[in-house]
Amino acid sequence: MNANTILRFLLVIALCSFFFSLFLPLLLLKAPPVPPMVALSTKEQAIILKHRKPDQIKLLLERYRTEHTLPVYFDRYFKTLNLNDLFEDYAYYHDKHRRDYCKLKKTADGKKPTYPSPGILVFRPWESSGLANVMIGLTSSFLLSLLSGRLFFINWQGHYYCNIHAKNLFTQPHPYFNWWYEDFITTDLIGRCQENYPSFKIPPIHDNSQREYYGNLEVTHRKRESDYMFELLKCLNVTEEFDRFGPLVEITSNQFFLSLFIQYNPYHDHLLNIMFKEQDMFGPLARFLFHPIPSIQEKIDKFIVNHNIYVSDQIKESERMYSSTKNLRNHNGDVIMYGIQIRRNENEKQIDWFRESHEPYFWDACKKELIDRHDIYFHGKPYRIMVISDNSTTIENARKVFGKDMVLHYDEQNLSFSRDSESIKNALIDAWFLYSYSQGFIVSKHSTFGNLGHGRASIKPFIVYHQKEKCMWFKPATSEPEFHWYGRHRDINCRNVISRLKKERENEKKKN
């Protein structure tokens, strides 16, 4: 080895030592603390929600999570912003805890808890509800369960106004989401609960005494029975209130009450507005929850295929992921369907204004709002008009106005006022699934069946209503079903509600 080589080697060693001594202190320095998130103004948040750029939406979600505790199944959704990921992870969560329910678990300090966890939320239809009202009440109740980390079950056995068991209409929403209450409360489960948690009582299927055990919450037209639920939706933290009731809460409802929840609730409105674009909650929730049994789905598929009906991407995605059949997964229909729903049953007080002379307003609305604009949105594609009604004369009149070949109607639907199981199945096919494949909607005001179709499709309808012996129509701000008693919230002052409940609960503690 000559002198030059040795000098070069020593020079390299010296340079490495110099740079190492220079950067070592920097490597040992601690990273500066992350500055606290600067609060965004309401206007700034509104701009982010309007443009909905993924990075900004994720930032809003992280801000929300620093102030609120959310169930573990929200983790993946916070990364992907895909509601289907959230629903799927909830299904896995539900399956895991349903199978292990009432197995003995000790707290971190080794003590035995009084009740099993997580809590349970059971939906029971209000017994004066028809099919559509049951479905919107169930959908609303599911979201409360999703937010509060509770296992959601339905106790839908059939009643006078909807005389059919839910299992004769729907499959479970997801292979891992068994929501049937009767499948949950097995003999083994009840025995395990009695042994490990003797204070925990599980009411049987036909037992109406859940309210005596824990809590029954109601959202119906009955004011006194629904007062607390209105206060909860507008003012209170759902998770904390449910925990106060105990391990099992039952909800009875015939209304889609989430519109009040998303607009006013100070604990949850921000998260919901991030999750649901344009406050469209019913569509994503319903497309996840409701899937007809194969015998019903086959009839739906047959109608859609035979008439070559166009299916939107979001409906097709729902069919692809959850449908009990595969007939529509590769269907590429070309015929655009528009829907007209006219409710003429004059026995119902809320629509006793309707007369046959009002029908032309529905036809005019369809022509001006949908048909005249057809080529703008669906240039070159043929169209048909799906008409659903509780009166056969309406179908005949539609064919006279638009032409016999232009009007579609589900012929198996019995238009007589019937509550038997076959009529309910056909109403489900007609007014819920087939109607929801429409790309535009004209509906009757106050009619829940009309709400189902445009709600599932996430399309804002044109609502026809009566005013001084004439009819008019308008387009609402969202595609959501109508909350018939929404206006009752105006009498609720949240500050007064919180103050009153605080005093009541302090008095309860003193008594105990």
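The structure contained in this document is the topic of the report that follows.

Here is what the cut-offs are and how they apply
- Residues numbered from 1 in each chain as written.
- Predicted model: local features only at pLDDT ≥ 70, side-chain atom pairs only at ≥ 80, totals over all residues.
- Heavy atoms only, no water.
- Helix = DSSP H or I, 4+ residues; strand = E, 2+ residues; numbered from the N terminus.
- Expected span 1.5 Å × (residues − 1).
- Bend = angle between axes of the 7 residues up to and from the residue.
- Buried < 20%, exposed > 50% of the residue type's maximum accessible area, 1.4 Å probe, protein only.
- Core = buried A, V, L, I, M, F, W, Y, C linked by side-chain atoms within 4.5 Å.
- Contact = heavy atoms within 4.5 Å.
- Pairing = 2+ DSSP bridges.
- Axes fitted to C-alpha atoms, helices over the stretch in contact; angles between N-to-C directions.
- Disulfide = S-S within 2.5 Å.

Here we take up helix 10 (residues 223-235). Helical geometry note: an α-helix holds 3.6 residues per turn, so side chains three or four residues apart project in the same direction. Between its first and last C-alpha, helix 10 extends 17 Å over 13 residues, near the 18 Å set by a 1.5 Å rise per residue. If you look at helix 10, its biggest bend is around 25°, right at M229. Within helix 10 the residues assigned to the buried category are S226, Y228, M229, F230, E231, L232, L233, K234 and C235.

Another point: the nonpolar core. Core analysis: the largest hydrophobic core is formed by 122 residues, its most contacted members being F74, F142, F152 and W156. Residue contributions to this core peak at eleven residues, all from helix 6 (residues 131-148). If near-sequence neighbours (up to four positions away) are discounted, F152 is found in contact with Y90, H94, L121, F123, L138, S141, F142, S145, F177 and W179. By size, the runner-up hydrophobic cluster in this structure holds 21 residues, among which are Y338, I342, I371 and F402.

Here we take up the sheet that holds strand 9 (residues 462-467). Strand order in the open sheet made by the six strands is 7-6-5-8-9-10, with mixed pairing throughout. The open sheet has two edge strands with one neighbour each: strand 7 (407-408) and strand 10 (470-474). Summarising the sheet, strand 9 and strand 10 pair through five bridges and their orientation is antiparallel. Paired with I463 across the strands is F474, a residue of strand 10. Against the sheet, helix 17 (residues 359-371) makes contact with strand 5 (336-342), strand 6 (383-389), strand 8 (441-444), strand 9 and strand 10, and its axis sits at roughly 155° relative to strand 5, the strand it touches most.

Turning our attention to the side chain of S129. Residue placement: S129 occurs in the loop between strand 1 (120-125) and helix 6. Residues contacting S129, with those up to four places away along its chain left out, are V134, H159, Y161, C162, S253 and N254.

For the structure shown, the criterion picks out two disulfides. Sulfur-sulfur distance for the disulfide between C235 and C494 comes to 2.1 Å. Looking down the S-S bond of the C235 and C494 bridge, the torsion is -80°, so its handedness is left-handed. With C235 in helix 10 and C494 in helix 22 (residues 494-511), this pair connects stretches of sequence that are 259 residues apart. Classification of C235 by relative accessible area gives buried; the value is 1%. Described in terms of the sequence order of its bonded cysteines, the disulfide pattern of the chain is 1-2, 3-4.

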